[in-house]
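Listed here are the chains, written in short residue letters.
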Amino acid sequence: MTLTVTELLAMSGFDKLDADFYQSSFSVDDQNQGGGGYSNTDVQYSNPYGQYDYSQPMGYSAAPGIMQPQQPYTGQIFQPTPAFTPASTQSMYSSSFEDEPPLLEELGINFDHIWQKTLTVLHPLKAADGSIMNETDLAGPMVFCLAFGATLLFTGKIQFGYVYGISAIGCLGMYCLLNLMSMTGVSFGCVASVLGYCLLPMIILSSFGVLFSLQGMLGIILTAAIIGWCSFSASKIIISALAMDGQQLLVAYPCALLYGVFALISVF
Amino acid sequence: MRGTPMDPGDPRLLFDDTSAGGDRHGHSGVGKGPDVYPGQALLSDPMSNLAMVYGSSLASHGREMMDKNLDRFIPISKLKYYFAVDTVYVGKKLGLLVFPFMHDNWEVSYQQDTPVAPRFDINAPDLYIPLMGFITYILVAGLALGTQNRFSPEILGIQASSALVWLIIEVLAVLLSLYLVTVNTDLTTIDLVAFSGYKYVGMFVGVLAGLLFGRTGYYLSLLWCCVSIFVFTIRTMRLKILSEAAAEGRLVRGAKNQLRMYLTIAIAAAQPIFMYWLTFHLVR
């Protein structure tokens, strides 16, 4: 009788995993402990994992059914998804379309929220909902940064380092400023997430830069408009999330400076 | 039962088993198993688990310590006062910096011994404008140098650090002279930083005019900004440094008041000098 992973997890009383890590440990030695301790730390890896023997498909198929004490355990300890680290959320985008949605929920990549945030950025005149920024989602911003670097690559500028460096320094500066300016504080992840999402119009600018040079009059007007768009939507989201009244332009100005530096990279 | 009806001997089972049968916890990662497993051996080692937990607790402990010590050196709550601004205040203050001649009442209002937040009192100093002015000045300096083909990323750092150093020198000089003249004033160091930082706005305007309209534009706008900063500083500092009687305009004799007046004028005169010094090499 083989037991699947889920049944074992249910046995151990594990209900919902909303961590970035997906971990399930199966200890053939201690079946009661097998499902316990699902947390973000790696402490639960204290279970000894023997050699995983890929040459034995039999061993693999038996791994979910570890309730077979009569089998030798040299190759039976099953460690299903150690690859789900935050760094591999990028790969999750490609494999997520093959997997069922609940996997994404467990990983915390909520497509609906990502789409909602993207729409909020793309409609600068629509009022923003402050609660969508409660979760720190760095997957979207990472994608946008990479896309920005990729579009810059098409124009022959290999400047991923500058993009990341400037975004890091800019996020740090905005984090300090917002903590000083607002009544409630902000977390760094929230600031980074907002600024990363609002980088989306900048990608449009740099893709225009692939098609025609941005140094003419039209390019300058387009650049100014896009900087205004980015900083306006960033400030709109921030002030709705932090409930700062009468300070939208004050928040928009440092954002405009930051996105201006990005625009400088795209134009020159 | 979630088990798959597949043949256990099927070599494809390695991948299919995880995604077939509606297995909700998606073991597609297992497909990457051979890639990650050598690394997993490190994580599975109990000693390295212990090390990781210890490391994360060290990090949080270090962060607490840093927060505690940071608060000792940089009083965060006091700084928050200087950033409690809103758009209306910033607009009016910028207007005041460029045209201070019509403003009458330069007194800072108090509320039971504590100064009112800058939001509610246009005469109160703030740190938002100096900070933004400084950063804008640096960026415009980079732009100006870029148009003259003298730009490199190090130049930005050089400009920023030299402006910062001059600011620190000026604040220290003012503090020293306030101490020597033994003025009883409630000017804090941060207030002085704020007042000295207001000149970056004028510098930014001057450099921008120089970019747009050439040298004549630069000189004209710099002259205007110098005059207005001079008047602004005198009118603001007068109330803080001079005695009450002298501040109201009545003529008060006495060496002490004269000394204080000279000090105020000297502080105000230092502003245009710095403004010119830090911008003339940017405009050709």
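Nothing here was measured: the structure is a model prediction, and the numbers come from that model.

Remarks on helix 7 (residues 160-181) of chain A
If you check helix 7 of chain A, its first and last C-alpha atoms are 31 Å apart, about what 22 residues at 1.5 Å a residue would give, namely 32 Å. Among all positions of helix 7 of chain A, only A:Val163, A:Ile166, A:Ser167, A:Gly170, A:Cys171, A:Met174, A:Tyr175, A:Leu177, A:Leu178, A:Asn179, A:Leu180 and A:Met181 are buried.

Observations concerning the UniProt feature "transmembrane region" (unreviewed entry) in chain B
Sites flagged by UniProt as "transmembrane region" (unreviewed entry) map to residues 127-146, 158-180, 192-212, 218-238 and 259-278 of chain B. Across residues 158-180 of chain B, helical content stands at 100% and strand content at 0%; the span's end C-alpha atoms are separated by 33 Å.

Focus: the pattern of salt bridges
Residues and elements named next belong to chain B. Counted under the stated rule, the structure contains one salt bridge over all chains. Glutamate 170 is paired through a salt bridge with lysine 199; the nearest N and O atoms lie 2.7 Å apart. Linking glutamate 170 in helix 7 (residues 153-180) with lysine 199 in helix 9 (residues 199-241), this pair joins segments that are 29 residues apart in sequence. Here glutamate 170 matches lysine 199 in class, with each residue buried.

Re the UniProt feature "transmembrane region" (unreviewed entry) in chain A
All names here are of chain A. As annotated in UniProt, the feature "transmembrane region" (unreviewed entry) corresponds to residues 162-181, 188-212, 218-238 and 250-267 in the numbering used here. As annotated, residues 218-238 has a helix share of 100% and a strand share of 0%, and its two end C-alpha atoms lie 30 Å apart. Spanning residues 250-267, this segment combines 100% helix with 0% strand, and its end C-alpha atoms are found 26 Å apart.

Quick look at the packing of helix 9 (residues 200-211) of chain A against helix 10 (residues 217-242) of chain A
Residue and element names in this part refer to chain A. Their axes nearest at 9 Å, the elements helix 9 and helix 10 cross at an angle of 165 degrees. It follows that helix 9 is roughly antiparallel to helix 10 by the angle criterion. Seen along the crossing, helix 9 lies across helix 10 with a hand that is left-handed. Where helix 9 approaches helix 10, its residues Pro201, Met202, Ile204, Leu205 and Phe208 are matched on the opposing element by Leu222, Thr223, Ile226, Ile227, Trp229 and Cys230. Of the residues belonging to the contact of helix 9 with helix 10, the class tally is ten nonpolar, one polar and no charged.

Structural notes on helix 5 (residues 87-98) of chain B
Compared with the 16 Å implied by 1.5 Å per residue over twelve residues, the 17 Å span of helix 5 of chain B between its first and last C-alpha is a close match. Looking only at helix 5 of chain B, the buried set comprises B:Tyr89, B:Val90, B:Lys93, B:Leu96 and B:Leu97. Projected down its long axis, helix 5 of chain B shows its buried positions confined to an angular sector of 125 degrees, all on one face. Summarising the geometry of helix 5 of chain B, the exposed residues directed more than 90 degrees from the buried face are B:Val88 and B:Lys92. Buried positions along helix 5 of chain B lie against helix 11 (248-267) of chain A together with helix 6 (128-147) and helix 9 of chain B.

Topic: the nonpolar core
Counting 104 residues, the largest nonpolar core has A:Met174, A:Leu178, A:Met202, A:Tyr259, A:Phe262 and B:Tyr128 as the members making the most contacts within it. Residue contributions to this core peak at twelve residues, all from helix 9 of chain B. The residues touching A:Met202, leaving out its near neighbours within four places in the chain, are A:Phe148, A:Ile226, A:Ile227, A:Cys230, A:Tyr259, A:Phe262 and A:Ala263.

Focus on the confidence of the model for chain A
For chain A, mean pLDDT is 69; residues scoring 70 or higher make up 56% of the total. Note on residues 14-20 of chain A: pLDDT is under 50 here. Beyond four places in sequence and across chains, it has 15 contacts.

Details of the packing of aromatic side chains
Applying the stated criterion to the full structure yields 19 aromatic pairs over all chains. Pairing A:Phe148 with A:Phe262 gives two aromatic rings, centres 5.7 Å apart and planes at 90 degrees, and the pair type is edge-to-face. Of the two residues, A:Phe148 sits in helix 6 (residues 139-154) while A:Phe262 sits in helix 11, which places them 114 residues apart along the sequence. Taking the centre distance of 5.8 Å and the plane angle of 75 degrees together, the rings of B:Phe101 and B:Trp224 count as edge-to-face. Of this pair, B:Phe101 sits in the loop between helix 5 and strand 1 (110-111) while B:Trp224 sits in helix 9, and the two are 123 residues apart along the sequence. The class of B:Trp224 is partly exposed, set by a relative accessible area of 40%. Linked through ring pairs, B:Trp166, B:Phe274, B:Tyr276, B:Trp277 and B:Phe280 together constitute an aromatic cluster. The lysine or arginine in question, B:Lys199, covers the ring of B:Tyr200, its NZ or CZ lying 5.7 Å from the ring centre.

Criteria and cut-off values
- Residues numbered from 1 in each chain as written.
- Chains lettered and ligands numbered in written order.
- Predicted model: local features only at pLDDT ≥ 70, side-chain atom pairs only at ≥ 80, totals over all residues.
- Heavy atoms only, no water.
- Helix = DSSP H or I, 4+ residues; strand = E, 2+ residues; numbered from the N terminus.
- Expected span 1.5 Å × (residues − 1).
- Buried < 20%, exposed > 50% of the residue type's maximum accessible area, 1.4 Å probe, protein only.
- UniProt positions renumbered as here; feature names shortened; annotations may be inferred.
- Salt bridge = Lys/Arg side-chain N within 4 Å of Asp/Glu carboxyl O.
- Axes fitted to C-alpha atoms, helices over the stretch in contact; angles between N-to-C directions.
- Parallel < 35°, antiparallel > 145°, perpendicular 65-115°, else oblique.
- Left-handed = near helix turned anticlockwise from the far one by under 90°.
- Contact = heavy atoms within 4.5 Å.
- Nonpolar A, V, L, I, M, F, W, Y, C, P; charged D, E, K, R; others polar.
- Arc of directions from axis to C-beta.
- Core = buried A, V, L, I, M, F, W, Y, C linked by side-chain atoms within 4.5 Å.
- pLDDT = per-residue confidence, 0-100.
- Phe/Tyr/Trp six-rings, centres within 6.5 Å; stacked < 30°, edge-to-face > 60°.
- Lys NZ or Arg CZ within 6 Å of the ring centre and 35° of its normal.

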